[in-house]
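Residue-level structure breakdown
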Amino acid sequence: EAQVTQNPRYLITVTGKKLTVTCSQNMNHEYMSWYRQDPGLGLRQIYYSMNVEVTDKGDVPEGYKVSRKEKRNFPLILESPSPNQTSLYFCASSLSSWGSDTQYFGPGTRLTVL
Amino acid sequence: AQSVAQPEDQVNVAEGNPLTVKCTYSVSGNPYLFWYVQYPNRGLQFLLKYITGDNLVKGSYGFEAEFNKSQTSFHLKKPSALVSDSALYFCAVSFGGSQGNLIFGKGTKLSVKP
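As a starting point, this report considers the structure included with it. Quantities reported herein were computed from a predicted structural model and do not represent experimental measurements. (Residues numbered from 1 in each chain as written. Chains lettered and ligands numbered in written order. Predicted model: local features only at pLDDT ≥ 70, side-chain atom pairs only at ≥ 80, totals over all residues. Heavy atoms only, no water.)

Brief notes about the interface of chain B and chain A
As a reminder, the rule being used: Pairs of residues are marked as contacts when any of their non-hydrogen atoms sit within 4.5 Å. By definition, the buried area sums, over both parts, the 1.4 Å-probe accessible area that each loses when the two are put together. Between Lys or Arg on one side and Asp or Glu on the other, a salt bridge is scored when a side-chain nitrogen of the former is within 4 Å of a carboxyl oxygen of the latter. Throughout this description, a polar contact denotes any pair of N or O atoms lying within 3.5 Å of each other; where both atoms belong to protein, one of them has to be capable of donating a hydrogen while the other can accept it, and for residues adjacent in sequence the pair is counted only when both atoms sit in side chains. Starting at the N terminus, helices and strands are each numbered in turn, a helix being any DSSP run of H or I of at least four residues and a strand any DSSP run of E of at least two. Each residue receives one of three labels: charged for Asp, Glu, Lys and Arg, nonpolar for Ala, Val, Leu, Ile, Met, Phe, Trp, Tyr, Cys and Pro, and polar for the others, Gly being one of them.
At the junction of the two partners, chain B supplies 25 residues and chain A supplies 25 residues. Across the interface of chain B and chain A, roughly 1900 Å² is buried in total on both sides, 51% from carbon and sulfur atoms. Taken together, the connections running from chain B to chain A amount to 0 salt bridges. Joining chain B to chain A, the criterion identifies 7 residue pairs in polar contact (both at pLDDT 80 or more). Put simply, the parts of the chain that give the side of chain B that touches chain A at least two residues each are strand 5 (31-38), strand 6 (44-50) and strand 10 (87-95) of chain B. When its residues are assigned to classes, the side of chain B that touches chain A shows 11 nonpolar, 11 polar and 3 charged.

Here's the deal with a nonpolar patch on the surface
Residue and element names in this part refer to chain A. The cut-off we apply is this: Surface patches are defined over residues having more than 30% relative accessible area and no salt bridge, joining like charges when they lie within 9 Å and nonpolar side chains (Val, Leu, Ile, Met, Phe, Trp, Tyr) when within 5 Å. Surface exposure here means Shrake-Rupley accessible area, sampled with a 1.4 Å probe, where a residue is shielded only by the protein chains that are shown. Exposure categories follow from relative accessible area, calculated using a 1.4 Å probe and restricted to protein chains: below 20% of the type maximum is buried, above 50% is exposed, and the middle band is partly exposed.
Among the surface-exposed residues, Ile12, Val14 and Leu114 lie close enough to one another that they form a single nonpolar patch of about 320 Å² accessible area. Along the polypeptide, isoleucine 12 turns up in strand 2 (residues 10-13). By relative accessible area, isoleucine 12 is classed as exposed at 64%.

Considerations on the pairing of strand 1 (residues 4-7) of chain A
Residue and element names in this part refer to chain A. Note the threshold: Here a strand pair is declared whenever DSSP counts at least two bridges between the two strands.
Of the two faces of strand 1, the one holding Val4 and Gln6 is buried and the one holding Thr5 and Asn7 is not buried anywhere. Relative to strand 3 (residues 19-25), strand 1 runs antiparallel, the two being bridged by 4 bridges. Its bridge partner being in strand 3, asparagine 7 is matched across the sheet by threonine 22.

Some words on the state of the cysteines
Filter applied, for reference: Here, the term disulfide refers to a pair of cysteine sulfur atoms separated by no more than 2.5 Å.
Tallied over the entire structure, the rule returns 2 disulfides over all chains. At a sulfur-sulfur separation of 1.8 Å, the disulfide partner of A:Cys23 is A:Cys91. What sets the handedness of the A:Cys23 and A:Cys91 disulfide is the S-S torsion sign, and at about -70° it is left-handed. Taken together, the residues span a long stretch of sequence, with A:Cys23 in strand 3 and A:Cys91 in strand 9 (residues 87-94) at a distance of 68 residues. A single burial state applies to A:Cys23 and to A:Cys91, both of which are buried. At a sulfur-sulfur separation of 2.0 Å, the disulfide partner of B:Cys23 is B:Cys91. Here the S-S torsion is close to -60°, and the disulfide linking B:Cys23 with B:Cys91 is therefore left-handed. Of this pair, B:Cys23 sits in the loop between strand 3 (19-21) and strand 4 (24-26) while B:Cys91 sits in strand 10, and the two are 68 residues apart along the sequence. Residue classification places B:Cys23 among the buried positions, given a relative accessible area of 0%.

Some words on the pattern of salt bridges
Scanning the entire structure with this criterion turns up 6 salt bridges over all chains. A:Arg44 serves as the salt-bridge partner of A:Asp38, at 2.8 Å between the closest nitrogen and oxygen. For B:Lys58, the salt bridge is made with B:Glu64, and the minimal N-O distance between the two is 2.9 Å.

A closer look at unusual backbone geometry
Glycine aside, a negative phi is what most residues show, and trans is what most peptide bonds show. With an omega of -5°, the peptide bond between A:Asn7 and A:Pro8 qualifies as cis. As for its placement among the helices and strands, A:Pro8 is situated in the loop between strand 1 and strand 2.

Taken by themselves, the reported measurements are silent on function.
Have a look at this one:
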């Protein structure tokens, strides 16, 4: 089944404790991205990657890092999480970065930073 | 600035009645328009998109949307609502050269009562 998977689905952590949220897709997509969803704000892009070893900042990149060493994986790293990073995070992938390509989303990771 | 507006936070309809979820956008150039649905504790599921051509786009689960260039709108519609359609609906816009960034509206909660 074609899908985007994320782990963990739920995470509660404390301020300053480094964490990684994994994302993997099995559709051989070149483009991957991370979004965060906050009530009343919709989804906002954090980082994106147009291909292996090519990453760039989205609209809200502060406090996050990413890497793209393999085509299928795009982990999101919070090196020193803070409470304002409490949110619902989605990974997405699409065939390319062209705006008309459909992005397919993972199931989401609900992160709480205490 | 590119933006998407969903003017209604919540839409309430009775089962069997037609439903409309509104979306307007502001982008420079030609837009690519998307609708996604989010069921409780689930990721975003793609419903339909407009790229070019016929202004009426048909998608999954009996939903359709009409692109209106003069009114810069892309309203989601369904002739007969089901209780199972109750969910959070997001309109999103992209465009050529956007580097894959989907700009989302804030979401509209659809509630269908029996």
